[in-house]
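# Tertiary structure, described
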Amino acid sequence: MEHIKFVSPDFIEAFFKKVKSVRDRALFSTLYFYGLRASEVQLLLVDDIDLVNNRIFIRALKGGISGQHLLNPIVKKYIKAFLDQKRLRLRTVQKALFLSQKGSPITSTQVYRLFREYARKAKFPEDKRHPHVFRHSIAVHMAEGGFDVYQVKEHLRHKKIDNTLVYFQITNKTRMEKQREAFNSPMLARI
């Protein structure tokens, strides 16, 4: 089994408590909630966000499936605040959603650097100070939250179910709850 590095929801919360920038809240909430790779977040365009219809278009890399997704309410709030601020500050038209402080599209290297900075402040273990940890974390959190393997597969934009199954081998919380329900079923009480 591939070694998956993820953090608990408590670490996610600690991470976001350290993020003060409107842009970075929008950036990292999008990265976490959609399980984006750093290279995918840099591909997002302003036109990929449809605040009226609550949609986001994600271009998947590494053979993933690109497409429209429902806009998470938390992500929507942060992106809306960011876009409102961005429109006031920028005089030129920039298609990229997330820009560097210099006004050019943010790069994967900048995403890595920012992530490491916030993860260090949030006291992430050193080996988990990498943006891909958010992709693994949302998958594990969904699996533990009772989402089935196909829902997680769709959410992460995987083409092959095998890429998704690894997250279900990590956690057995849902499996244990289902076993507990089965063991306590009225049918078994008659045995």
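Our subject is the structure that appears above.
The structure reproduced in this document is the subject of the present report. Owing to the predicted nature of the structure, the values given are computational and were not obtained by experimental measurement.

Here is what the cut-offs are and how they apply
- In every chain, residue numbers begin from 1 and rise along the written sequence.
- In keeping with the predicted nature of the model, local features appear solely for residues at pLDDT of at least 70, side-chain atom pairs appear and are counted solely at 80 or more, and the whole-chain, interface and lining totals rest on all residues.
- Remark: hydrogens and water are excluded; side-chain values derive from all non-hydrogen atoms of the structure.
- Each helix is a run of DSSP H or I of at least 4 residues and each strand a run of E of at least 2, with the numbering of both proceeding from the N terminus.
- Only protein chains enter the accessibility calculation, which uses a 1.4 Å probe; a residue is then buried when its area is under 20% of its type maximum, exposed when over 50%, and partly exposed in between.
- Here a residue-residue contact requires only that any non-hydrogen atoms of the pair lie within 4.5 Å.
- Any pair of nitrogen or oxygen atoms within 3.5 Å is treated as a polar contact; in protein, a donor-acceptor pairing is required on top of that, and neighbouring residues in sequence qualify only through side-chain atoms on both sides.

The next point concerns unusual backbone geometry. For N54, which is not glycine, the phi torsion reads 55° and is therefore positive. Here N54 shows up in the loop between β1 (49-50) and β2 (55-58). With a relative accessible area of 27%, N54 lands in the partly exposed category. Here K62, not a glycine, exhibits a phi torsion of approximately 55°, which is positive. Positionally, K62 belongs in the loop between β2 and β3 (67-70).

Its location among the elements puts S108 in helix α5 (residues 108-121). For S108, a relative accessible area of 19% corresponds to the buried category. Excluding its chain neighbours within four sequence positions, the residues that come into contact with S108 are A38, S39 and Q42. Polar contacts involving the side chain of S108 include one to the side chain of Q42, which spans 2.6 Å.

The analysis is restricted to geometry; functional conclusions fall outside its scope.
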